Amino acid sequence: MSLLSADALGLILKNAISTSSMRLGRVVHGRIVKTLDSPPPPFLANYLISLYSKLDHPESARLVLRFTPARNVVSWTSLVSGLVNNGHFSIALFEFVEMRRDGVSPNDFTFPCAFKAVASLRLPVTGKQIHGLAVKCGRILDVFVGCSAFDMYCKTRLRDDARQLFDEIPERNCETWNAFISNSVTDGRPREAIEAFIEFRRIGGQPNTITFCGFLNACSDGLHLNLGKQLHGLVFRCGFDTDVSVYNGLIDFYGKCKQIICSEIVFAEMGTKNAVSWCSLVAAYVQNHEDEKASLLYLRSRKEIVETSDFMISSALSACAGMAGLELGRSIHAHAVKACVEMTIFVGSALVDMYGKCGCIEDSEQAFDEMPEKNLVTLNSLIGGYAHQGEVDMALALFEEMAPRGCGPTPNYMTFVSLLSACSRAGAVENGMKIFDSMKSIYGIEPGAEHYSCIVDMLGRAGMVEQAYKFIKKLPIQPTISVWGALQNACRMHGKPHLGIVAAENLFKLDPKDSGNHVLLSNTFAAAGRWAEANTVREEMKGVGIKKGAGYSWITVKNQVHAFQAKDRSHIMNKDIQTMLTKLRNEMEASGYKPDLKLSLYDLEEEEKAAEVAYHSEKLALAFGLVALPLGVPIRITKNLRICGDCHSFFKFVSRSVKREIIVRDNNRFHRFKDGICSCRDYW
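For clarity, every value in this text was computed on a predicted model and none was experimentally measured. (Residues numbered from 1 in each chain as written. Predicted model: local features only at pLDDT ≥ 70, side-chain atom pairs only at ≥ 80, totals over all residues. Heavy atoms only, no water.)

(A) Fine view of the overall build of the protein chain. Assigned secondary structure in the protein chain consists of 36 helices and six strands. If you line up the protein chain on its principal axes, its C-alpha atoms span 105 × 55 × 50 Å. Residues counted as buried form 52% of the 684 residues belonging to the protein chain. Across the protein chain, the fraction of contacts at a sequence separation of at least 24, relative to all contacts at a separation of at least 6, is 62%. Carbon together with sulfur atoms contributes 54% to the accessible area of the protein chain, which is approximately 32,100 Å² in total. (Helix = DSSP H or I, 4+ residues; strand = E, 2+ residues; numbered from the N terminus. Buried < 20%, exposed > 50% of the residue type's maximum accessible area, 1.4 Å probe, protein only. Contact = heavy atoms within 4.5 Å. Areas by Shrake-Rupley, 256 points an atom, 1.4 Å probe, with all protein chains shown as cover.)

Encoded structure:
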C-alpha cells in the first residue's frame, strides 16, 4: 500500500464512503499522513471531510477542515452536508457561517443543506437571511435552491412567503411540485395539494412515485374516495402499477377511506411486498376496527419473516388493545423486546395503551415508567387506561403534571375526552364539570361532540337525567348519536321512559337502521314494566327488517377463544359449566343474593324471569373460567354488549365467595371485581 498514489488513495477513500466503512477510511487516512507530504492534496482532504461527516464523526471532519489550508466550497459543502444528514443542524449552520467568514461563497449544493437545517430547527428569521444571501449570490433561480427555500418556508409556517416564492420560481420541476403537494398535506391543507396536482397535470407534468404518494395522502386526509380511485387508474396508465411505494400508498388510502376490501385487493395483487406493505394493511385493519384480521396478518408476517419495525409492532398492539387480546399483546411485547424497539415512542405508547385497555393498569404504568422519552400520546394513553378503570384520581394526578400547571406537554382534544370519561365512570360530577369549563377558558380548546357526550353520560350515570337533557338542549352544535345514546342509556338505568322516548326519536332520525337504538328503547320500557310498549318496539323492528345483534361473551383459555351466547349449551364442557353455575347460584342465594328480575326483558312469570337472567352469556363464560383456569389466575371475560345489572351483582358475590379476581370488558368499560367490590363503584 506504500506505493499507492494520491489518486489511488482517493479511489479507496471513495469506496470507504460508499460502503460506510470507517475502519477502511481511517486506515487510508493513516497512510496519507505517513506517505504523502503535509498538507495532502485538496481533493484528498475533501474526501476525508466527506468520510468523517457522512459517517457521523463531526469532530474529526471539522479537524481535517481546520488543518486544510486550501479550503474551497467543496470542502465546506462536504462538511455542512454530512452534518445536516446526521441531524447536527445547529453545528451545520455554525459551519455555514464560518464558511462565509472564510470568504467562500455557497454553491447550488450548499444552500439546500443550509435551508434544510433552518427548516428542521424552525428558524424563520435565519431562513430569510439565507434566502437573501441566495438572491445576492444569484443562486435562488436554481431549481434545487428555490425548491429547498420553498420547503423551508413551508416548514417554518410562513405560508405567504412560501406561496410567493413558489410563484416566482421560473422553472418548476417535478421535485418543486412534490414539495408543494407534500407540504400542503403536512400543513393540513389537502384541497390545495389536490389543486396543485391537477395544475401540474394540466401543464403536462409527469408525476413520479413521490407525486403519487403525496396525492394519495391528500385524498385520504380529505376522504376524497372518487379522486383517489381516479388516481389508481392513472397509476396504471403511467406504468407505476409495479411500484411498491405507490401500492403501499393505495393500501393506506383505501383503509382511511373505509374501503378495507379494496386495501386487501391491492395487497393481494402486489408482486413484491416490503415491510411497509404489511404494516400498511395491518394499520388499515386497525383503523377499520378489524382487529382480529390485523392480528392474524401480523402473525402471518412473522411466518413470512417480514422485517420488524416499530410501526408494525405498534399497529399490532393497537389491534390487541381493540379486542382486549392480552395474551397476544404480551407475546408481541416480547417480540418488541427481542427486536430492541420496545423503548421507541411509538411502541412504548402502544404498550401503555394496550395494557390499559386490557385491564392491566399496573403493567400499563410499568411500561409508562420504563419509557426513556414520553410525549402527549403516551400521557393520553395512560390517562385513557385510568379512565377505563374508573381511576379518576390517578387520571387527574397525571393531568396535573401537564402544562400549564406542570412541566409536561400541553393537553389536547383527546386528553379531555379521556379525563371526562374517567369522571363519568367514577361519578365525579363536580370534577368533571370543572374540567369541562376549563377547556375553553384555560386551554383554548373548543369542546366537541365527544366531550358533550361524556358530560351527558356523566350526569346520566349520577341520576341527573333531567339536567343531562337540559344540557343537550343548550348545546351549540347539533347533538350526535353518541350524545342521544348516552341520554337514552341513562333513561334505561334510572327509569325515565318519557325522556327515553325523546332520545330514541332523535336516534331513529340520525341512524334509523341501528338495532341498538331500538333495543335500548325496548329495554327502557321493559325496565319500567311497560311491557306492551316494549313489545311494540320489538314488533316495529321486525316490521322494518331490523335484527338485534346477538350478545356474546368470550374468554381465552390456553390460547383458545371460547365464545358463549345466552342459554348456550353447545360447549363441550357444558355439563361442568351448568354444574358450576348451579353451585354458584345456590351459594349466592344462601348469602342473600336475589336475581334482579327487572332486567328480564320479556313479560314472564317470576320463575321464568329468574331463568331468563340466570343464563346470560357472561355468567356462562364465568362458570367456564372457574372450571378451566387454575386457581390464582384472574378470569378475563370480554363482552360485545354492556354487562347487565344482575350479572354485575352476581360477579361481585362470586369474587368474594371464590376469592378470585374477575375482569370484564364490555362495550362500555372495564369492571374489575375483587373481594366483592367492583372498580366501577357501581356507576356502570
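Having seen the structure, we can now continue with the description.
(B) Inspection of the pairing of strand 3 (residues 635–639) at higher detail. Counted residue by residue, strand 3 has four buried out of five residues, so it is predominantly covered. The sheet contact formed by strand 1 (residues 553–557) and strand 3 spans three bridges and is antiparallel. Residue pairing in the sheet places Trp554 in a bridge with Thr638 of strand 3. In this sheet, strand 4 (residues 662–665) lies alongside strand 3 in parallel orientation, the contact comprising four bridges. Bridge pairing links Ile637 to Val664 in strand 4. One crossover worth recording links strand 3 to the parallel strand 4 by way of helix 36 (residues 645–657), and it is right-handed. (Pairing = 2+ DSSP bridges. Right-handed = clockwise from strand over helix to strand, strands pointing away.)

(C) Structural view of the UniProt feature "repeat: PPR" (unreviewed entry) in the protein chain. Within this structure's numbering, the places UniProt gives as "repeat: PPR" (unreviewed entry) are residues 72–106, 173–207 and 375–409. Summarising residues 72–106: 74% helix, 0% strand, and an end-to-end C-alpha distance of 10 Å. In residues 173–207, helix accounts for 74% and strand for 0%; the two terminal C-alpha atoms are 10 Å from one another. (UniProt positions renumbered as here; feature names shortened; annotations may be inferred.)

(D) Molecular detail of the packing of helix 28 (residues 465–473) against helix 29 (residues 481–494). Two numbers describe how helix 28 lies on helix 29: the axes approach to 10 Å, and their chain directions differ by 165°. By the angle between their axes, helix 28 is roughly antiparallel relative to helix 29. The two elements helix 28 and helix 29 cross, and the hand of that crossing is left-handed. Each of Val465, Ala468, Tyr469 and Ile472 in helix 28 lies in contact with helix 29, whose residues at this interface are Val483, Trp484, Leu487, Ala490, Cys491 and His494. Residues that form the contact of helix 28 with helix 29 fall into these classes: nine nonpolar, one polar and no charged. (Axes fitted to C-alpha atoms, helices over the stretch in contact; angles between N-to-C directions. Parallel < 35°, antiparallel > 145°, perpendicular 65-115°, else oblique. Left-handed = near helix turned anticlockwise from the far one by under 90°. Nonpolar A, V, L, I, M, F, W, Y, C, P; charged D, E, K, R; others polar.)

(E) Spotlight on empty space enclosed by the protein. Inspection of every chain in the model, using the stated rule, returns one cavity of 30 Å³ or more. When its volume is computed, the largest cavity comes out at roughly 40 Å³. What lines the largest cavity is Tyr298, Ser301, Arg302, Val306, Glu307, Thr308, Met312 and His335. When residues of the lining of the largest cavity are assigned to their parent elements, the largest contribution, three residues, is made by helix 18 (residues 291–303). (1 Å grid on protein atoms, 1.4 Å probe; cavity = no way out; pocket = protein on both sides within 12 Å on 5 of 7 lines; lining within 4 Å. Points joined across faces, edges and corners; volume = space filled by probe spheres on them.)

(F) Up close: the pattern of salt bridges. A full pass over the atoms with the stated rule returns 26 salt bridges. Ionic pairing is found between Arg202 and Glu199, a salt bridge with its closest N-O pair at 2.6 Å. Of this pair, Arg202 and Glu199 both sit in helix 12 (residues 190–202), separated by three residues, roughly a single helical turn. The exposure class assigned to Arg202 is exposed, which follows from its relative accessible area of 60%. For Glu199, a relative accessible area of 30% puts it in the partly exposed group. With its nearest N and O atoms 3.1 Å apart, the salt bridge here joins Glu661 to Arg672. (Salt bridge = Lys/Arg side-chain N within 4 Å of Asp/Glu carboxyl O.)

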